[in-house]
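Residue-level listing of the chains:
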Amino acid sequence: MATLWRFTLFLCMLLMACGGLSLASEEAETRNTQTETGTGSSSNTTGGGGHEAAPITTLPIVTWKWHHISVQYLVALWILVCWLCKLIIEANHSVTNYIPESALLICSGFILGGMIWGADKMQTFSLSPTVFFYFLLPQIILDSGYHMPNKLFFTNLGAILIHAVIGTCWNAASLGLSLWGCHMGGAMGDLDIGLLQYLLFGSLMAAVDPVAVLAVFDQVHVNEVLFIIVFGESLLNDGVTVVLFNVFDAFVSLGGGRINAAEIVKGIVSFFVVAFGGSLVGIAFGILIALLTRCTKNIQIIEPGFIFVMGYLSYLTAEMLSLSAILSTTFCGVLCQKYVRANMDESSVQTVKYAMKVFANGSETIIFVFLGISAIDKVIWVWNTGFILLTLLFIFVYRFIGVFFLQWILNRYRLVPIELIDMVIMSYGGLRGAVAYGLAVLLDENKIKEKNLMICTTLIVVYFTVILQGITMKPLVMWLKVKRAEVTEVSLLEKMTNKMFNHTLVAIEDISGQIGDNYFRSKWRHFEEKWMTPLLMKPSARKKQDEVFDVFHQLNLKDAMEYVTEGERSGSLEFVRNDSAILDFKKKLESEYTEVLPDIPPYMINNHGAMFTMGRDPIPSVSLEMHEQTMKAMREAEAVDAHHLLDQHLYKSRKQYRHGFSRSDFKINRDEKEVQEIFQRTMRNRLESFKSAKMGVSPPKTIVKHSKKEQQEKIPNGKSMSKTKLCHSGDEDFEFSEGDSASGYDSSYPSFSMRATYRPGAGIENPAFMPDLDPMDLLQIPPWLAESELDSSMVALSHRAQVGLPRTPSNLRRLAPLRISTRSTDSFTLENIPDTQQMDSDQLPPPPPPRPPRDDGYV
Amino acid sequence: MGSSSSSRNKIPNAQELMDQTGFSSAHLLRLYDRFECLDRDNRGYLRQDTVDFSSFVRILAHFRPTDRNRNKEGTQQELPNSRTRKLKFAFQLYDLDRDGKISREELLQVLRAMLGLQVTEEQLQSIAERAIQEADLDKDDAISFDEFKKSLEKVDIDTKMSIGFLK
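Residues numbered from 1 in each chain as written. Chains lettered and ligands numbered in written order. Predicted model: local features only at pLDDT ≥ 70, side-chain atom pairs only at ≥ 80, totals over all residues. Heavy atoms only, no water.

This is how the line gets drawn: UniProt positions are given in the numbering used here, feature names are shortened, and annotations may be inferred rather than shown by experiment.
Under the annotation held in an unreviewed UniProt entry, chain A carries the name Sodium/hydrogen exchanger and is attributed to Oreochromis niloticus. In its Sequence similarities (unreviewed entry) section, the UniProt entry covering chain A states "Belongs to the monovalent cation:proton antiporter 1 (CPA1) transporter (TC 2.A.36) family."

Shown next, in the form of structure tokens:
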């Protein structure tokens, strides 16, 4: 069965590829004609072609304009095909569990390439360095930089830099020299390669590819220190490799005879200038981005775009100045991430995050597929057994030697040394990838006669490392029992303790009289706090900078989410209504607080209590359990009750979907006055209930839980205005209607008189928010009938309900307990709920008996 | 070597300290110099005569990195840089009144000192509350050492509570 399934998959893939091919071959012809006419294959020159066509004799209705769009069309099509390959590969996890995705993508590239070859008898598509370095690589680098775990990166920066700089130079030099030595020894027969060319080749092979490394290491969850060293190294050494490559390329162009000591010194100087200059450009752009995002508040929609544009510009600027573009973009991403995340709106931050992932992952896929396609080309296959095998061997061996030696030295200065098996994985993770290939294609055929041999060798090395080492990586990690990354839940205490450790370590270092890492870290933090943060961060965002507070915020968000999910899973948010636990707690707190702060009014205390209870993890789940049994019986009753209340107290909202088509404002019905109105109502109700509490009625518990909810909501709202009005208003509705219920009940109004008494007291200033300004005056209809009216859109239940759900009564009924939970133990709850659903407005049921006064149970 | 062993003699019960803390004699010497430097009045004590050299070293010994391949001869007594001792030290930093429990008030004090002015008092309180909730298993509204240890189970204490002592 499994084989059948796999076979079908394969067939699908084939079919799809054929689909791509039929167009591709067509394109190939156009491509050929283009090249014949001397236009560049990758540059778009077909644009004006159509207009120079022969003069028309009659007006054509429809014309075939393939030439207009051929290039764009093919680009889009190729992207689609590559992504479909990924889709197919990821469809079946039994394969990707053993073989890394990158290897599979290369293999699907082989198949696609084979088909193109079969159709065209030549390779019409291959990864050109221009496309690779200017269109595919930047977003990957930017993504890696932007999502770099900063603290880990900087803690291990020393090791990373040593591996990236010295290790790469070692790899390049050793490979070049060894190959040259073997060449001299006659191991490869007759090849026209000199020492400098070998070194050039060595330098392009030295790069450990971040794309390949990330693709493999992502799936093998090794411990984070190991990961960051391998990954950071691979990222930075790309920059180093490109620099080395350029230096050696210049040497090759100069020719062996003209290289003297001065030129070599210049080469070394240029190496450092290019590397550090690139990093500086990146830092400058990072600061620019941070500054920009400080003031993009009013153009929130395109705010995320700045990150991408500026990141790309940092790449291009560095390239323009012939500095290291990869390093530039990396540092730009690393530097700006913190400030960008703090400055920008929450939703923009999310957008950046996901868009970056889309771009990076997308182009990664394209790169791997094209690495496979490029292989199917007769031209580049020049076989030289000695050269290829020796290269493979040397790369492998020297990588091991280099890593072990450098890490052995580094370990003497590390607090926690890297273990031996970790070093094995580090060495084994030296995967070569597209950067090496891109550089190999960049080689100048006039200067290097054996260019094709080098490309071919590079490809073989890439395949060998990505496919073979990639596949064996996971078993190796298992077999060596490498420490894996633990999935840890963030805990507040842990964060706190971490922070305390940091402080303690600085102090202890100071006391014991040594200047170590912690000292510098604290100095840096001071510097950052004093200069960088005020400059680069919005004042409002600075507060969130605190780690502990940030974690607290995240945990609360998570809780709130779980809370709702849990509630919805069990069909209702009714468990919110369990007050006993909260009440206990609140009471305790109350007493505590009245001792400490005697002059704070009780409702404030309630607020505190609510705030604290929010931290109580067990409460929602516990109360959920306790409530489960009663829930069913209560729900029906509550639905009626809720509708009744909603109908009475929800204002009519008129301007939903106001900005449905606006490009610049995606919020639905955000109205300041509306919010203000809700706030006023809520406050008034609270005051009322406070008064009633003073008069001897027990404090309304609903308010406690309601403010609890509010607290949970407050943080995200306060933090970001990004929350669409959708949720916003929904919660506000919930909030204030509940407030009403509390006040209404506690002041023991009969429920249907509430409407009448309510309005004057509530002080609604804006007629737009009057609950019943509708021509079909709702007052005419007895309030308990309101739920039958709901589907006639008389009353806005909430935006969410209106937007999200079809307005059927049954839906609303289900929804009601979600929105609102009142203490519905009264007799109003009716036995004829099923009837109420089918009821029409003309089929009025007998009015239910008035709600009994509530205070008997509560005073 | 001769000079170091001679200056080692001026350190009171050096051998015992080395056994107890796991510091090498070079470490000890260095710390002794530091101690003398801190001890401006040359009384042999720091902080109003409460900390003498051996307690100074014993405290610092908590921050010695754990050495992986130490031979097992020192197992008869737990060195101060063991995981539990490190945790205990951290715990005592919270436990201001030494009653073996971190109360909310104590947590709050530590938080107040750490978070500074950016966070309001209410937020601090809710943070403290939440932190206690996380760790508090027996629901006594305080964190005992066992609970503390358990909640920090996954934290790499060895790394986070160590500094590199110069030789």
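With respect to the overall build of chain B
Selection rule: In DSSP terms, a helix is any run of H or I states spanning at least four residues, a strand is any run of E spanning at least two, and both are numbered starting from the N terminus. The buried label goes to any residue with under 20% of its type's maximum accessible area, the exposed label to any with over 50%, and the partly exposed label to all in between, with areas taken from a 1.4 Å probe on protein chains only. Using a 1.4 Å probe, accessible areas were evaluated by the Shrake-Rupley method; residue-level cover was limited to the displayed protein chains.
Looking only at helices and strands, one finds 9 helices and 4 strands in chain B. Helices (α) and strands (β) of chain B occur, in sequence order from the N terminus, as α-α-α-β-β-α-α-β-α-α-β-α-α. For chain B, the proportion of its 167 residues judged to be buried stands at 46%. Of the roughly 8800 Å² that chain B leaves accessible, carbon and sulfur atoms contribute 49%.

Brief notes about the side chain of Glu-147 of chain B
Residue and element names in this part refer to chain B. To be explicit about the condition: Charge convention: Lys and Arg are scored as positive, Asp and Glu as negative, and His as well as the terminal groups of each chain are ignored. Any carboxyl oxygen of Asp or Glu within 4 Å of a side-chain nitrogen of Lys or Arg constitutes a salt bridge here. For the purposes of these results, a polar contact is taken to be a pair of N or O atoms within 3.5 Å, where, inside protein, one atom must be able to donate a hydrogen and its partner to accept one; residues adjacent in sequence count only when each atom of the pair is a side-chain atom.
Counting through the fold element by element, Glu-147 comes out in helix H8 (residues 145-151). For the buried Glu-147, no salt bridge exists, and the shortest N-O distance to an oppositely charged side chain is 5.8 Å, to Lys-101. Within the structure, Glu-147 has its side chain in polar contact with the backbone nitrogen of Ser-144 (distance 2.9 Å).

Considerations on the environment of Ala-128 of chain B
Residues and elements named next belong to chain B. To be explicit about the condition: Contact between two residues is taken to exist if any of their heavy atoms lie within 4.5 Å; hydrogens are not considered.
Mapped onto the fold, Ala-128 is located in helix H7 (residues 121-135). On the accessibility criterion, Ala-128 (0% relative accessible area) is buried. Not counting chain neighbours up to four residues away, the residues in contact with Ala-128 comprise Arg-104, Leu-107, Leu-108 and Leu-111.

Some remarks on the confidence of the model for chain B
Detail in the predicted coordinates should be disregarded across regions flagged by low pLDDT. Residue and element names in this part refer to chain B. Selection rule: Across the chain, each position has a pLDDT score giving the predictor's confidence in that residue, from 0 to 100.
For chain B, mean pLDDT is 74; residues scoring 70 or higher make up 80% of the total. In the model, residues 1-6 has pLDDT below 50 throughout and makes 1 contact with residues more than four positions away in sequence or in other chains. In this model residues 71-76 is a low-confidence stretch, pLDDT under 50, and it forms 0 contacts with partners more than four residues away in sequence or in other chains. Interface scoring of the predicted complex returns ipTM 0.83; its pTM is 0.66.

Quick word on the packing of helix H12 (residues 303-320) of chain A against helix H14 (residues 346-375) of chain A
Residue and element names in this part refer to chain A. Rules: Only the stretch in contact is used when fitting a helix axis, every axis being a line fitted to C-alpha atoms; angles between N-to-C directions are given from 0 to 180 degrees. Should an angle fall under 35 degrees it is taken as roughly parallel, and over 145 as roughly antiparallel, whereas 65 to 115 is taken as roughly perpendicular and any remaining angle as oblique. Should the near helix be turned anticlockwise from the far one by less than a right angle, the crossing is left-handed, and should it be turned clockwise, the crossing is right-handed. Residues are grouped as follows: Ala, Val, Leu, Ile, Met, Phe, Trp, Tyr, Cys and Pro are nonpolar; Asp, Glu, Lys and Arg are charged; all remaining types, including Gly, are polar.
Relative orientation of the contacting elements H12 and H14 amounts to 40 degrees, with a least axis distance of 8 Å. Relative to H14, H12 is oriented oblique. For the crossing formed where H12 meets H14, the hand is right-handed. Contacts between H12 and H14 involve Glu-303, Pro-304, Ile-307 and Phe-308 from the first element and Ser-348, Thr-351, Val-352, Ala-355, Met-356 and Phe-359 from the second. In terms of residue class, the contact of H12 with H14 is built from 7 nonpolar, 2 polar and 1 charged.

Brief notes about the pattern of salt bridges
The tally for this structure, following the rule as stated, stands at 7 salt bridges over all chains. For Lys-266 of chain A, the salt bridge identified is with Glu-263 of chain A, shortest N-O distance 3.9 Å. Highlighted residues: Lys-266 of chain A and Glu-263 of chain A, both in helix H11 (residues 261-294), separated by 3 residues, approximately one helical turn. Under the relative-accessibility criterion, Glu-263 of chain A is labelled partly exposed at 22%. Across the pair Arg-104 of chain B and Glu-129 of chain B runs a salt bridge, and its minimum N-O distance is 2.5 Å. One end of the pair, Arg-104 of chain B, is in helix H6 (residues 104-115); the other, Glu-129 of chain B, is in helix H7, and 25 residues separate them in sequence. Classification of Arg-104 of chain B as buried rests on a relative accessible area of 13%.

A closer look at the packing of helix H2 (residues 66-91) of chain A against helix H4 (residues 101-120) of chain A
All names here are of chain A. One way to put it is that H2 packs onto H4 with a least axis distance of 10 Å and a crossing angle of 130 degrees. The pairing of H2 with H4 is recorded here as oblique in orientation. Where H2 crosses over H4, the two elements pack in a sense that is right-handed. Here Trp-78, Val-81, Cys-85, Lys-86, Ile-89 and Glu-90 of H2 come into contact with H4, specifically with Glu-101, Leu-104, Leu-105, Ser-108, Leu-112 and Ile-116. Of the residues in the contact of H2 with H4, the class split is 8 nonpolar, 1 polar and 3 charged.

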